[in-house]
Structure formats: C-alpha cells, structure tokens
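Summary of structural features
For reference, the chains in residue letters:
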Amino acid sequence: MIKEEQQISELIAGCKNGNRQAQEKLYRDFYRAMMNLCLRYTKNDMDAMEALNTGFYKVFKNIQRYDPAQSSLYTWIRTVVINSCLDLAKAKANIIHPMELTTLNETEIAPEIISKFSAAHLLEMIRILPAATQTVFNLFIMEGYSHKEIAGLLKISEGTSRWHLSDARKKLQIMINEEK
C-alpha cells in the first residue's frame with residue numbers, strides 16, 4: 001500500500017512538472033473508468049471522448065489544486081470528469097427545462113428484470129433518455145448525489161431534479177417492458 005501511495009505521489013509530481021510520460025501514465029491508468037463514466041452522461045461515443053479529453057485537460061491544467069488530504073486521486077479526477085460531462089451537455093443544448101412537480105408517482109423496476117439485461121444494453125437505454133433526464137438519473141442513481149446537490153450543480157430546483165428522476169424511471173420502465 002505504501003509503495004502504491006509513493007507511485008501515485010511520484011505520478012502527481014511528474015504531472016505537476018509537465019512530464020508528458022507521467023501525464024500519459026495517469027491518462028492510461030484512469031482511462032477505462034473515466035471513459036465508462038463519460039459514456040453514461042453522453043449521447044454518443046464521440047461526445048464521450050470529447051468530455052473525457054476535456055476532463056483530462058482540466059486535470060492536467062489544475063493538478064496543482066489536487067489535495068490528497070481531501071480526496072483520493074480517483075475521486076478528484078472523477079469529479080473533474082463529471083463536471084466536464086455536465087459542461088458538454090450544457091454546451092450541446094439548453095438541457096434544463098424549468099418545470100416543477102409537486103407530487104411524484106415513484107416508478108420501481110424489479111431488480112430481477114434489470115438483471116436480464118447486459119450493462120451495455122442498459123447503457124444504450126439510458127443514452128436514449130432526454131439529455132437533462134439522463135444527467136439527473138446518472139447523478140442521482142449512479143453517482144449518489146442528492147437532489148439538493150444536483151439542483152446546485154445544474155442550477156435547477158430540487159423539484160425539477162425529482163421530476164427528471166421520475167421521468168427517467170418511467171421511460172426506462174417502458175423500454176424494459178417493451179423488451180420483456
């Protein structure tokens with residue numbers, strides 16, 4: 001464990017000094033996890049790659065701000081990449097349409113039904129969702145953000161966040177039921 005921490009410290013130091021080999025190693029070490037993250041937030045592979053590369057550009061540009069006492073390197077990079085995905089979504093379209101929902105009809109999808117689908121197929125279904133709905137779904141379900149945190153990130157109300165989550169669940173349930 002100590003050796004791994006030392007390797008990470010050396011990698012970060014190399015990135016801070018602009019060492020291209022250290023930057024490439026960091027990119028390669030985190031590529032798969034961050035690309036999978038980007039695929040969940042974007043509509044196509046090209047957008048995912050754009051968000052990923054923009055995210056890593058921001059990582060390298062701001063590596064001096066990384067504080068290992070506050071979070072792990074993985075968590076810090078993940079946060080930067082998520083923000084890049086959100087920025088891309090906002091740039092692609094005005095994804096947030098203000099709407100309030102005072103009552104929610106929660107839609108539940110049975111775990112045994114979900115287990116019948118591959119992860120790739122579920123990802124395809126999530127990518128079909130409208131951009132704002134997809135973003136809220138990912139932040140809430142996949143990343144564990146609260147509606148309050150989502151509202152702050154996307155500059156929407158908590159009610160709007162709840163509406164998008166409810167809409168995502170309904171639409172995914174319809175898609176799943178159509179394929180049973």
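Reference entry: report on the structure contained in this document. In this text the structure is predicted, and so the values were computed from the model without any measurement.

**Describing unusual backbone geometry**
Even without being glycine, Lys 155 reaches a positive phi, approximately 60°. In this fold, Lys 155 is placed in the loop between helix 8 (147-154) and helix 9 (158-179). Relative accessible area serves as the criterion here: at 70%, Lys 155 is assigned to the exposed category.

**What about the layout of surface pockets?**
A water-sized probe, rolled over the atoms, reveals where empty space remains. One number sums up the size of the second largest pocket: a volume of about 220 Å³. Lining the second largest pocket are 12 residues, with Glu 5, Ile 8, Ser 9, Tyr 66 and Pro 68 sitting closest to its centre. Residue composition of the lining of the second largest pocket, by class: seven nonpolar, three polar and two charged.

**Thoughts on helix 8**
Buried within helix 8 are the following residues: His 147, Ile 150, Ala 151 and Leu 154. Buried residues of helix 8 fall within an arc of 100° about the axis and therefore sit on the same side. Away from the buried face of helix 8 by more than 90 degrees, exposed residues Lys 148 and Gly 152 are located.

**Notes on the pattern of salt bridges**
On inspection of all chains with the given rule, the structure shows eight salt bridges. A salt bridge links Arg 127 to Asp 45, with the shortest nitrogen-to-oxygen separation between them at 3.2 Å. Of this pair, Arg 127 sits in helix 6 (residues 119-128) while Asp 45 sits in helix 3 (residues 45-61); the two residues are 82 residues apart in sequence, bridging distant segments of the chain. One salt bridge connects Arg 78 with Glu 143, and the closest N-O pair in it is separated by 2.6 Å. One end of the pair, Arg 78, is in helix 4 (residues 73-92); the other, Glu 143, is in the loop between helix 7 (131-142) and helix 8, with 65 residues separating them in the sequence. With respect to burial, Arg 78 and Glu 143 carry one shared label: buried. One continuous salt-bridge network, built from bridges that share partners, spans Arg 40, Arg 78 and Glu 143.

**Quick word on the nonpolar core**
In terms of nonpolar packing, the biggest core is built from 46 residues, with Leu 26, Met 34, Val 59, Leu 73, Trp 76, Ile 77 and Leu 139 touching the most fellow members. Within the residue set of this core, elements represented by two or more residues are helix 1 (2-16), helix 2 (20-41), helix 3, helix 4, helix 6, helix 7, helix 8 and helix 9.

**Re helix 2**
The largest bend along helix 2 measures about 55° and falls at Tyr 31. Where helix 2 is concerned, the buried positions are Ala 22, Gln 23, Leu 26, Phe 30, Met 34, Met 35, Leu 37, Cys 38, Leu 39, Arg 40 and Tyr 41. Measuring from the backbone nitrogen of Gln 21 back to the side-chain oxygen at the start of helix 2 gives 2.8 Å, which picks out Asn 19 as the cap.

**A closer look at the packing of helix 2 against helix 3**
With their axes 10 Å apart at the nearest point, helix 2 and helix 3 run at an angle of 135° to one another. The angle between helix 2 and helix 3 places the two elements in the oblique class. Here helix 2 runs over helix 3; the crossing is right-handed. The segment helix 2 lies against helix 3, with Gln 23, Leu 26, Tyr 27, Phe 30, Tyr 31, Met 34, Met 35, Cys 38 and Leu 39 engaging Asp 45, Ala 48, Met 49, Ala 51, Leu 52, Asn 53, Phe 56, Val 59 and Phe 60.

The rules behind these values
- Residues numbered from 1 in each chain as written.
- Predicted model: local features only at pLDDT ≥ 70, side-chain atom pairs only at ≥ 80, totals over all residues.
- Heavy atoms only, no water.
- Helix = DSSP H or I, 4+ residues; strand = E, 2+ residues; numbered from the N terminus.
- Buried < 20%, exposed > 50% of the residue type's maximum accessible area, 1.4 Å probe, protein only.
- 1 Å grid on protein atoms, 1.4 Å probe; cavity = no way out; pocket = protein on both sides within 12 Å on 5 of 7 lines; lining within 4 Å.
- Points joined across faces, edges and corners; volume = space filled by probe spheres on them.
- Nonpolar A, V, L, I, M, F, W, Y, C, P; charged D, E, K, R; others polar.
- Arc of directions from axis to C-beta.
- Salt bridge = Lys/Arg side-chain N within 4 Å of Asp/Glu carboxyl O.
- Core = buried A, V, L, I, M, F, W, Y, C linked by side-chain atoms within 4.5 Å.
- Bend = angle between axes of the 7 residues up to and from the residue.
- Polar contact = N/O pair within 3.5 Å; in protein donor to acceptor, adjacent residues only side chain to side chain.
- Axes fitted to C-alpha atoms, helices over the stretch in contact; angles between N-to-C directions.
- Parallel < 35°, antiparallel > 145°, perpendicular 65-115°, else oblique.
- Left-handed = near helix turned anticlockwise from the far one by under 90°.
- Contact = heavy atoms within 4.5 Å.

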